[in-house]
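Residue strings, one per chain:
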Amino acid sequence: MPLAPIVLAPERERAQALARRFEKRAGAPPEGVWAAPGRANLLGEHTDYNAGFALPFGIEQCACVAVRRRSDARLRLWSEQAGATELSLADLTGERISGWAAYVAGSAWAASEAGARATGFDLLLDSDVPMGAGLSSSAAVECATLSALAELWSFARSPLELARLGQRAENHVAGVPCGLMDQLASMSAEPGRVLWVDFQSSSVTPLDLPLASAGLELLVIDTRAPHQLADGAYAERRRACQEAARSLGVETLRDADVTSLAVAPGAAPSLGPEWRRRARHVVTENARVLAAVEILRQPGPASRLQRLGPLLSASHASLRDDFEVSVPHLDVAQVAAESSGALGARLMGGGFGGSVLALVPDAAEAAVASAVRAAFVERGWSEPALFPARPAAGARRLL
Ligand code: GLA
(Lines give C-alpha, C1' and ligand atoms only; values in the text may rest on other atoms or scores of the structure.)
Protein backbone atom coordinates (compact mmCIF):
# COMPACT_ATOMS: atom_id res chain seq x y z
CA MET A 1 0.00 0.00 0.00
CA PRO A 2 1.48 3.41 -0.92
CA LEU A 3 1.95 6.07 1.74
CA ALA A 4 -1.20 8.12 2.30
CA PRO A 5 -0.41 11.71 1.30
CA ILE A 6 -0.81 14.15 4.14
CA VAL A 7 -2.92 17.06 3.05
CA LEU A 8 -2.04 20.21 4.90
CA ALA A 9 -4.38 23.14 4.28
CA PRO A 10 -2.46 26.12 2.93
CA GLU A 11 -1.45 28.15 5.91
CA ARG A 12 -3.48 31.28 5.31
CA GLU A 13 -6.67 29.40 4.54
CA ARG A 14 -6.22 27.35 7.66
CA ALA A 15 -5.73 30.49 9.74
CA GLN A 16 -8.78 32.21 8.24
CA ALA A 17 -10.94 29.15 8.85
CA LEU A 18 -9.73 29.03 12.45
CA ALA A 19 -10.47 32.73 12.88
CA ARG A 20 -14.06 32.14 11.66
CA ARG A 21 -14.55 29.26 14.08
CA PHE A 22 -13.08 31.37 16.87
CA GLU A 23 -15.54 34.17 16.16
CA LYS A 24 -18.47 31.73 16.38
CA ARG A 25 -17.40 30.62 19.84
CA ALA A 26 -16.07 33.85 21.28
CA GLY A 27 -18.57 36.23 19.69
CA ALA A 28 -15.81 38.48 18.32
CA PRO A 29 -12.94 37.95 15.86
CA PRO A 30 -9.47 37.00 17.18
CA GLU A 31 -6.77 39.66 17.33
CA GLY A 32 -4.47 37.28 15.50
CA VAL A 33 -3.62 33.67 14.67
CA TRP A 34 -0.24 32.17 15.51
CA ALA A 35 1.34 28.80 14.67
CA ALA A 36 4.24 26.73 15.97
CA PRO A 37 5.41 23.37 14.62
CA GLY A 38 5.96 20.00 16.20
CA ARG A 39 9.56 18.86 15.98
CA ALA A 40 11.52 15.90 14.71
CA ASN A 41 15.13 15.26 15.63
CA LEU A 42 17.74 14.01 13.19
CA LEU A 43 20.18 13.06 15.92
CA GLY A 44 21.04 13.85 19.55
CA GLU A 45 18.65 12.23 22.02
CA HIS A 46 18.78 12.78 25.80
CA THR A 47 21.63 15.19 25.25
CA ASP A 48 19.76 18.45 25.87
CA TYR A 49 19.65 18.16 29.66
CA ASN A 50 23.30 17.06 29.61
CA ALA A 51 24.54 20.29 28.01
CA GLY A 52 25.24 18.38 24.79
CA PHE A 53 24.30 18.65 21.13
CA ALA A 54 21.26 17.83 18.99
CA LEU A 55 19.95 18.37 15.45
CA PRO A 56 16.19 18.95 15.75
CA PHE A 57 13.96 20.57 13.15
CA GLY A 58 10.39 21.85 12.90
CA ILE A 59 7.91 19.74 10.93
CA GLU A 60 5.02 20.81 8.69
CA GLN A 61 2.39 19.80 11.23
CA CYS A 62 1.75 22.57 13.70
CA ALA A 63 -0.43 23.94 16.49
CA CYS A 64 -2.42 27.06 15.59
CA VAL A 65 -4.02 29.38 18.12
CA ALA A 66 -6.53 32.16 17.52
CA VAL A 67 -6.47 34.58 20.45
CA ARG A 68 -8.30 37.65 21.68
CA ARG A 69 -7.64 39.53 24.89
CA ARG A 70 -10.46 40.04 27.36
CA SER A 71 -11.13 42.97 29.63
CA ASP A 72 -11.63 40.66 32.61
CA ALA A 73 -9.47 37.93 34.16
CA ARG A 74 -11.12 34.94 32.47
CA LEU A 75 -9.28 32.46 30.26
CA ARG A 76 -11.74 30.68 27.98
CA LEU A 77 -9.84 27.90 26.19
CA TRP A 78 -11.20 25.72 23.40
CA SER A 79 -9.43 22.94 21.53
CA GLU A 80 -10.76 21.58 18.25
CA GLN A 81 -9.34 18.22 19.26
CA ALA A 82 -9.84 18.06 23.03
CA GLY A 83 -12.76 20.08 24.36
CA ALA A 84 -13.12 23.27 26.36
CA THR A 85 -12.09 24.56 29.74
CA GLU A 86 -12.30 27.81 31.66
CA LEU A 87 -9.83 29.28 34.13
CA SER A 88 -9.03 32.65 35.57
CA LEU A 89 -5.75 34.53 35.96
CA ALA A 90 -5.91 33.67 39.67
CA ASP A 91 -5.52 29.99 38.72
CA LEU A 92 -2.08 30.68 37.21
CA THR A 93 -0.05 29.74 40.25
CA GLY A 94 2.51 27.39 38.71
CA GLU A 95 0.68 24.41 40.23
CA ARG A 96 -0.05 21.37 38.08
CA ILE A 97 -3.04 21.56 35.74
CA SER A 98 -4.25 18.44 33.95
CA GLY A 99 -5.03 18.01 30.27
CA TRP A 100 -4.13 20.14 27.27
CA ALA A 101 -5.01 23.39 29.06
CA ALA A 102 -1.78 22.94 31.05
CA TYR A 103 0.26 23.93 27.97
CA VAL A 104 -1.70 27.13 27.42
CA ALA A 105 -2.22 28.09 31.06
CA GLY A 106 1.37 27.05 31.89
CA SER A 107 2.69 29.32 29.15
CA ALA A 108 0.54 32.20 30.40
CA TRP A 109 1.81 31.56 33.95
CA ALA A 110 5.47 31.46 32.81
CA ALA A 111 5.00 34.68 30.82
CA SER A 112 3.37 36.53 33.71
CA GLU A 113 6.10 35.24 36.06
CA ALA A 114 8.62 36.70 33.62
CA GLY A 115 7.03 40.13 33.99
CA ALA A 116 4.36 40.26 31.32
CA ARG A 117 1.26 42.30 32.21
CA ALA A 118 -1.34 39.56 32.02
CA THR A 119 -4.93 39.98 30.85
CA GLY A 120 -7.64 37.38 30.44
CA PHE A 121 -8.02 35.93 26.94
CA ASP A 122 -10.08 33.65 24.73
CA LEU A 123 -8.08 31.07 22.78
CA LEU A 124 -9.04 28.45 20.22
CA LEU A 125 -6.44 25.75 19.48
CA ASP A 126 -6.28 23.59 16.38
CA SER A 127 -3.34 21.21 16.07
CA ASP A 128 -2.43 18.57 13.50
CA VAL A 129 0.71 17.45 15.34
CA PRO A 130 0.06 13.80 16.20
CA MET A 131 -0.18 13.36 19.96
CA GLY A 132 1.94 10.82 21.82
CA ALA A 133 4.12 10.30 18.74
CA GLY A 134 7.29 11.84 20.16
CA LEU A 135 6.78 14.89 17.91
CA SER A 136 6.34 17.42 20.72
CA SER A 137 2.71 18.29 20.22
CA SER A 138 2.79 19.98 23.64
CA ALA A 139 5.81 22.16 22.85
CA ALA A 140 3.97 23.28 19.69
CA VAL A 141 1.02 24.48 21.79
CA GLU A 142 3.32 26.25 24.25
CA CYS A 143 5.29 27.99 21.53
CA ALA A 144 2.18 29.08 19.60
CA THR A 145 0.63 30.42 22.82
CA LEU A 146 3.80 32.22 23.87
CA SER A 147 4.21 33.78 20.44
CA ALA A 148 0.65 35.10 20.72
CA LEU A 149 1.05 36.38 24.28
CA ALA A 150 4.43 37.99 23.51
CA GLU A 151 2.56 40.28 21.11
CA LEU A 152 -0.74 40.66 22.92
CA TRP A 153 0.85 41.22 26.31
CA SER A 154 3.59 43.37 24.73
CA PHE A 155 6.55 41.60 26.19
CA ALA A 156 9.22 41.24 23.54
CA ARG A 157 11.43 38.21 24.04
CA SER A 158 13.94 36.33 21.86
CA PRO A 159 12.99 32.87 20.54
CA LEU A 160 15.42 31.38 23.08
CA GLU A 161 13.75 33.21 25.97
CA LEU A 162 10.28 32.19 24.80
CA ALA A 163 11.49 28.60 24.45
CA ARG A 164 12.71 28.71 28.05
CA LEU A 165 9.29 29.95 29.19
CA GLY A 166 7.68 27.05 27.31
CA GLN A 167 10.03 24.62 29.02
CA ARG A 168 9.12 26.15 32.37
CA ALA A 169 5.43 25.67 31.60
CA GLU A 170 6.07 22.03 30.72
CA ASN A 171 8.23 21.38 33.80
CA HIS A 172 5.98 23.05 36.37
CA VAL A 173 2.42 23.10 35.11
CA ALA A 174 2.36 20.01 32.85
CA GLY A 175 4.73 18.22 35.25
CA VAL A 176 7.14 16.84 32.61
CA PRO A 177 10.81 17.37 33.52
CA CYS A 178 11.89 17.85 29.88
CA GLY A 179 14.97 19.63 28.56
CA LEU A 180 14.92 22.60 26.18
CA MET A 181 15.13 20.85 22.81
CA ASP A 182 11.47 20.67 21.85
CA GLN A 183 10.55 24.26 22.63
CA LEU A 184 13.75 25.65 21.14
CA ALA A 185 13.21 23.70 17.91
CA SER A 186 9.58 24.80 17.67
CA MET A 187 10.48 28.46 18.24
CA SER A 188 13.56 28.64 16.00
CA ALA A 189 12.92 26.15 13.18
CA GLU A 190 13.69 27.08 9.58
CA PRO A 191 12.38 25.54 6.35
CA GLY A 192 14.81 23.09 4.74
CA ARG A 193 17.19 23.19 7.69
CA VAL A 194 18.06 21.33 10.84
CA LEU A 195 19.15 23.29 13.88
CA TRP A 196 22.51 22.39 15.31
CA VAL A 197 21.92 23.20 18.98
CA ASP A 198 24.69 23.42 21.55
CA PHE A 199 22.83 23.22 24.86
CA GLN A 200 25.82 24.43 26.84
CA SER A 201 25.91 27.83 25.19
CA SER A 202 22.28 27.59 23.96
CA SER A 203 23.53 28.51 20.49
CA VAL A 204 21.49 27.52 17.44
CA THR A 205 23.19 27.10 14.06
CA PRO A 206 20.82 26.29 11.17
CA LEU A 207 22.32 23.84 8.65
CA ASP A 208 20.90 22.97 5.22
CA LEU A 209 19.39 19.52 4.85
CA PRO A 210 18.98 19.08 1.08
CA LEU A 211 16.93 15.89 1.29
CA ALA A 212 15.11 16.30 -2.04
CA SER A 213 18.34 16.89 -4.01
CA ALA A 214 19.78 13.79 -2.36
CA GLY A 215 16.71 11.73 -3.39
CA LEU A 216 16.04 11.00 0.26
CA GLU A 217 13.15 11.24 2.66
CA LEU A 218 13.04 11.22 6.44
CA LEU A 219 10.15 8.96 7.24
CA VAL A 220 8.35 9.13 10.57
CA ILE A 221 7.01 5.76 11.67
CA ASP A 222 4.55 6.55 14.46
CA THR A 223 4.29 3.17 16.18
CA ARG A 224 1.27 4.30 18.20
CA ALA A 225 2.74 2.46 21.15
CA PRO A 226 1.59 4.34 24.24
CA HIS A 227 4.08 7.09 25.05
CA GLN A 228 4.33 8.67 28.46
CA LEU A 229 7.23 10.83 29.59
CA ALA A 230 5.62 11.80 32.89
CA ASP A 231 5.78 8.25 34.20
CA GLY A 232 9.07 8.67 35.99
CA ALA A 233 11.41 6.85 33.61
CA TYR A 234 12.50 10.09 31.94
CA ALA A 235 13.16 11.73 35.30
CA GLU A 236 15.06 8.64 36.39
CA ARG A 237 17.33 8.88 33.30
CA ARG A 238 18.01 12.54 34.09
CA ARG A 239 18.99 11.67 37.63
CA ALA A 240 21.24 8.84 36.46
CA CYS A 241 23.05 11.25 34.13
CA GLN A 242 23.58 13.75 36.95
CA GLU A 243 24.88 11.05 39.26
CA ALA A 244 27.18 9.69 36.55
CA ALA A 245 28.58 13.18 35.91
CA ARG A 246 29.19 13.64 39.62
CA SER A 247 31.03 10.33 39.89
CA LEU A 248 33.16 11.28 36.92
CA GLY A 249 34.03 14.61 38.51
CA VAL A 250 32.51 16.70 35.72
CA GLU A 251 29.73 19.23 35.88
CA THR A 252 27.76 17.67 33.02
CA LEU A 253 28.25 14.63 30.81
CA ARG A 254 29.15 17.03 28.02
CA ASP A 255 32.61 17.10 29.60
CA ALA A 256 32.96 13.37 30.25
CA ASP A 257 35.89 11.67 28.61
CA VAL A 258 34.85 9.52 25.65
CA THR A 259 37.76 7.15 25.84
CA SER A 260 37.39 6.22 29.47
CA LEU A 261 33.70 5.42 29.02
CA ALA A 262 33.64 3.93 25.57
CA VAL A 263 36.85 1.97 25.59
CA ALA A 264 38.34 1.26 28.98
CA PRO A 265 35.85 -0.46 31.29
CA GLY A 266 38.38 -0.26 34.12
CA ALA A 267 38.45 3.54 34.09
CA ALA A 268 36.23 5.58 36.42
CA PRO A 269 35.72 2.70 38.87
CA SER A 270 33.28 4.77 40.95
CA LEU A 271 30.77 4.46 38.13
CA GLY A 272 28.49 1.43 38.38
CA PRO A 273 27.64 -0.49 35.20
CA GLU A 274 24.22 1.12 34.76
CA TRP A 275 25.42 4.70 35.12
CA ARG A 276 28.38 3.86 32.88
CA ARG A 277 26.00 2.77 30.13
CA ARG A 278 23.84 5.87 30.57
CA ALA A 279 26.90 8.11 30.41
CA ARG A 280 28.31 6.24 27.43
CA HIS A 281 25.12 6.86 25.50
CA VAL A 282 25.31 10.61 26.09
CA VAL A 283 29.01 10.83 25.26
CA THR A 284 28.78 8.76 22.08
CA GLU A 285 25.54 10.49 21.02
CA ASN A 286 27.26 13.87 21.23
CA ALA A 287 30.06 12.47 19.05
CA ARG A 288 27.51 11.21 16.51
CA VAL A 289 25.89 14.65 16.34
CA LEU A 290 29.26 16.24 15.67
CA ALA A 291 29.99 13.64 12.96
CA ALA A 292 26.63 14.48 11.36
CA VAL A 293 27.39 18.20 11.54
CA GLU A 294 30.62 17.56 9.68
CA ILE A 295 28.74 15.71 6.92
CA LEU A 296 26.12 18.47 6.69
CA ARG A 297 28.71 21.24 6.54
CA GLN A 298 30.86 19.60 3.87
CA PRO A 299 30.63 21.05 0.40
CA GLY A 300 29.83 18.60 -2.36
CA PRO A 301 26.94 16.60 -3.74
CA ALA A 302 23.82 16.13 -1.64
CA SER A 303 24.39 12.38 -1.87
CA ARG A 304 26.76 12.81 1.08
CA LEU A 305 23.62 12.80 3.24
CA GLN A 306 23.48 9.03 2.75
CA ARG A 307 26.33 8.86 5.23
CA LEU A 308 23.96 10.00 7.96
CA GLY A 309 22.24 6.60 7.85
CA PRO A 310 24.77 4.60 9.92
CA LEU A 311 24.83 7.38 12.52
CA LEU A 312 21.07 7.09 12.96
CA SER A 313 21.27 3.33 13.39
CA ALA A 314 24.15 3.61 15.87
CA SER A 315 22.07 6.11 17.83
CA HIS A 316 19.23 3.59 18.02
CA ALA A 317 21.53 0.83 19.26
CA SER A 318 22.88 3.16 21.93
CA LEU A 319 19.38 4.29 23.04
CA ARG A 320 18.28 0.66 23.13
CA ASP A 321 21.28 -0.97 24.82
CA ASP A 322 22.98 1.77 26.83
CA PHE A 323 20.22 4.23 27.64
CA GLU A 324 17.50 1.55 27.64
CA VAL A 325 14.61 3.71 26.48
CA SER A 326 13.41 1.52 23.61
CA VAL A 327 10.37 -0.76 23.55
CA PRO A 328 9.50 -3.68 21.21
CA HIS A 329 7.34 -1.55 18.87
CA LEU A 330 10.29 0.80 18.26
CA ASP A 331 12.82 -2.00 17.78
CA VAL A 332 10.56 -3.87 15.37
CA ALA A 333 9.91 -0.72 13.30
CA GLN A 334 13.63 0.09 13.29
CA VAL A 335 14.72 -3.36 12.12
CA ALA A 336 11.94 -3.62 9.53
CA ALA A 337 12.89 -0.21 8.08
CA GLU A 338 16.58 -1.01 7.95
CA SER A 339 16.16 -4.42 6.41
CA SER A 340 13.88 -3.14 3.64
CA GLY A 341 16.00 -0.33 2.26
CA ALA A 342 16.32 2.46 4.85
CA LEU A 343 19.89 3.75 5.12
CA GLY A 344 19.46 4.07 8.87
CA ALA A 345 16.72 4.42 11.46
CA ARG A 346 16.32 5.23 15.12
CA LEU A 347 13.80 5.91 17.81
CA MET A 348 13.14 9.61 18.18
CA GLY A 349 12.37 11.72 21.24
CA GLY A 350 12.30 10.48 24.82
CA GLY A 351 11.60 6.84 23.97
CA PHE A 352 9.29 4.31 25.65
CA GLY A 353 6.94 4.60 22.65
CA GLY A 354 6.38 7.21 20.00
CA SER A 355 8.14 7.21 16.64
CA VAL A 356 11.06 5.89 14.67
CA LEU A 357 12.75 8.21 12.16
CA ALA A 358 14.14 6.45 9.08
CA LEU A 359 16.39 7.85 6.35
CA VAL A 360 14.98 6.36 3.17
CA PRO A 361 15.93 6.69 -0.52
CA ASP A 362 12.86 7.82 -2.49
CA ALA A 363 12.94 4.58 -4.47
CA ALA A 364 12.74 2.45 -1.31
CA GLU A 365 9.89 4.30 0.38
CA ALA A 366 7.07 1.95 -0.62
CA ALA A 367 9.12 -1.13 0.31
CA VAL A 368 9.99 0.29 3.72
CA ALA A 369 6.37 1.25 4.41
CA SER A 370 5.04 -2.19 3.52
CA ALA A 371 7.78 -4.01 5.46
CA VAL A 372 7.03 -2.01 8.60
CA ARG A 373 3.27 -2.53 8.25
CA ALA A 374 3.75 -6.27 7.64
CA ALA A 375 5.96 -6.60 10.72
CA PHE A 376 3.25 -4.96 12.85
CA VAL A 377 0.42 -7.02 11.37
CA GLU A 378 2.42 -10.20 11.98
CA ARG A 379 2.56 -9.36 15.68
CA GLY A 380 -1.10 -8.41 15.90
CA TRP A 381 -0.24 -4.76 16.62
CA SER A 382 -2.34 -1.89 15.36
CA GLU A 383 -1.11 -0.26 12.19
CA PRO A 384 1.61 2.38 12.48
CA ALA A 385 1.18 5.78 10.81
CA LEU A 386 3.88 6.70 8.28
CA PHE A 387 4.58 10.15 6.88
CA PRO A 388 7.56 12.21 5.77
CA ALA A 389 9.16 14.73 8.13
CA ARG A 390 10.16 17.79 6.12
CA PRO A 391 12.00 20.62 7.89
CA ALA A 392 9.54 23.52 8.13
CA ALA A 393 9.25 27.00 9.63
CA GLY A 394 9.24 27.79 13.35
CA ALA A 395 6.75 29.75 15.44
CA ARG A 396 5.15 32.62 13.52
CA ARG A 397 2.09 34.82 13.17
CA LEU A 398 -0.26 33.69 10.41
CA LEU A 399 -2.96 36.38 10.54
C1 GLA B 1 11.76 14.65 25.17
C2 GLA B 1 12.11 15.89 25.96
C3 GLA B 1 13.32 16.61 25.38
C4 GLA B 1 14.49 15.65 25.16
C5 GLA B 1 14.02 14.38 24.46
C6 GLA B 1 15.10 13.33 24.38
O7 GLA B 1 11.34 14.99 23.89
O8 GLA B 1 11.02 16.78 25.97
O9 GLA B 1 13.70 17.68 26.20
O10 GLA B 1 15.14 15.37 26.36
O11 GLA B 1 12.90 13.79 25.10
O12 GLA B 1 16.11 13.76 23.55
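Here the structure is shown first, and the text comes after it.
Structure report, in brief. Worth saying up front: this structure is predicted, and the values here are computed from it rather than measured. (Residues numbered from 1 in each chain as written. Predicted model: local features only at pLDDT ≥ 70, side-chain atom pairs only at ≥ 80, totals over all residues. Heavy atoms only, no water.)

### Some thoughts on the pattern of salt bridges
Then comes step 1: For the structure shown, the criterion picks out 29 salt bridges.
Then comes step 2: Salt-bridge contacts for glutamate 80 lead to arginine 21; the nearest nitrogen and oxygen are separated by 2.2 Å. Of the two residues, glutamate 80 is situated in the loop between β4 (74-79) and β5 (83-88) and arginine 21 in helix α1 (residues 11-26); the sequence distance between them amounts to 59 residues.
Then comes step 3: Judged by its relative accessible area of 27%, glutamate 80 is partly exposed.
Then comes step 4: What makes arginine 21 partly exposed here is its relative accessible area of 32%.
Then comes step 5: Salt-bridge contacts for arginine 280 lead to aspartate 322; the nearest nitrogen and oxygen are separated by 2.8 Å. Here arginine 280, found in helix α8 (residues 273-297), pairs with aspartate 322, found in the loop between α9 (309-321) and α10 (328-338); they are 42 residues apart in sequence, far enough to count as distant.
Then comes step 6: Accessibility expressed as a relative area gives 26% for arginine 280, which makes it partly exposed.
Then comes step 7: Each of Arg14, Arg21, Arg25, Glu80, Asp126 and Asp128 takes part in salt bridges that share partners, so that together they form one network. (Salt bridge = Lys/Arg side-chain N within 4 Å of Asp/Glu carboxyl O. Helix = DSSP H or I, 4+ residues; strand = E, 2+ residues; numbered from the N terminus. Buried < 20%, exposed > 50% of the residue type's maximum accessible area, 1.4 Å probe, protein only.)

### Describing the pairing of strand β3 (residues 56-69)
Then comes step 1: With 11 of 14 residues buried, β3 lies mostly within the body of the structure.
Then comes step 2: Here strand β1 (residues 32-41) pairs with β3 via 9 bridges, running antiparallel. From the neighbouring strand, alanine 40 faces β3, where its bridge partner is phenylalanine 57.
Then comes step 3: Bridge count between β3 and strand β6 (residues 121-127): 7 bridges; the pairing is antiparallel. (Pairing = 2+ DSSP bridges.)

### Thoughts on α1
Residue pairs three or four apart in sequence face the same way in an α-helix, which turns once every 3.6 residues.
Then comes step 1: If you check α1, its first and last C-alpha atoms are 22 Å apart, about what 16 residues at 1.5 Å a residue would give, namely 22 Å.
Then comes step 2: Those residues of α1 not exposed but buried are Arg14, Ala15, Ala17, Leu18, Ala19, Phe22 and Ala26.
Then comes step 3: Those residues of α1 that are buried lie in contact with β1, β3, β4 and β6.
Then comes step 4: At the exit of α1 stands glycine 27, carrying a positive phi of roughly 85 degrees. (Expected span 1.5 Å × (residues − 1). Contact = heavy atoms within 4.5 Å.)

### Considering the sheet that holds β6
The strands that make up a sheet pair up through hydrogen bonds in the backbone, lying either parallel or antiparallel.
Then comes step 1: Pairing within the open sheet is mixed, and its 6 strands lie in the order β5-β4-β6-β3-β1-β13. The strands lining the two open edges of the sheet, one partner per strand, are β5 and β13 (396-397).
Then comes step 2: Relative to β6, helix α2 (residues 101-113) is tilted by about 135 degrees, and along the sheet it contacts β4, β5 and β6. (Axes fitted to C-alpha atoms, helices over the stretch in contact; angles between N-to-C directions.)

### Considerations on unusual backbone geometry
Then comes step 1: One non-glycine residue, histidine 46, lies in positive phi territory at about 60 degrees.
Then comes step 2: Locating histidine 46 in the fold gives a position in the loop between β1 and β2 (53-54).
Then comes step 3: Accessibility expressed as a relative area gives 5% for histidine 46, which makes it buried.
Then comes step 4: Of note, the phi angle at serine 202 is positive, near 60 degrees, even though the residue is not glycine.
Then comes step 5: Tracing the backbone through its elements, the reader meets serine 202 in the loop between β7 (193-198) and β8 (203-208).

### Concerning the site of the ligand
Then comes step 1: Around the ligand sit 13 residues, and of these Glu45, His46, Asp48, Asp182 and Tyr234 come closest.
Then comes step 2: Separating an oxygen atom of the ligand from a side-chain N or O atom of aspartate 182 is a distance of 2.6 Å.
Then comes step 3: Here an oxygen atom of the ligand sits 3.3 Å away from a polar atom, N or O, in the main chain of glycine 350.
Then comes step 4: For the ligand, whose free accessible area comes to 300 Å², the fraction covered by protein is 97%.
Then comes step 5: Of the residues assigned to the shell around the ligand, the class counts are 5 nonpolar, 4 polar and 4 charged. (Near = heavy atom within 4 Å. Polar contact = N/O pair within 3.5 Å; in protein donor to acceptor, adjacent residues only side chain to side chain. Areas by Shrake-Rupley, 256 points an atom, 1.4 Å probe, with all protein chains shown as cover. Nonpolar A, V, L, I, M, F, W, Y, C, P; charged D, E, K, R; others polar.)

### Focus on the environment of serine 303
Then comes step 1: By the secondary structure assignment, serine 303 is in the loop between α8 and α9.
Then comes step 2: With 218 residues separating them along the chain, serine 303 and threonine 85 place their C-alpha atoms 50 Å apart.

### Let's talk about the nonpolar core
Then comes step 1: Membership of the largest hydrophobic core comes to 81 residues, with the highest contact counts inside it found for Leu42, Leu55, Phe121 and Leu308.
Then comes step 2: In terms of residues, this core owes the most to one element, helix α3 (residues 137-152), which gives 9 residues.
Then comes step 3: Those residues in contact with leucine 55 that lie beyond four places of it in its chain are Asn41, Leu42, Leu43, Val194, Leu195, Trp196, Leu207, Val289, Ala292, Val293 and Leu296.
Then comes step 4: With 38 residues, the next largest nonpolar core counts Tyr234, Ala244, Leu319 and Val372 among its residues. (Core = buried A, V, L, I, M, F, W, Y, C linked by side-chain atoms within 4.5 Å.)

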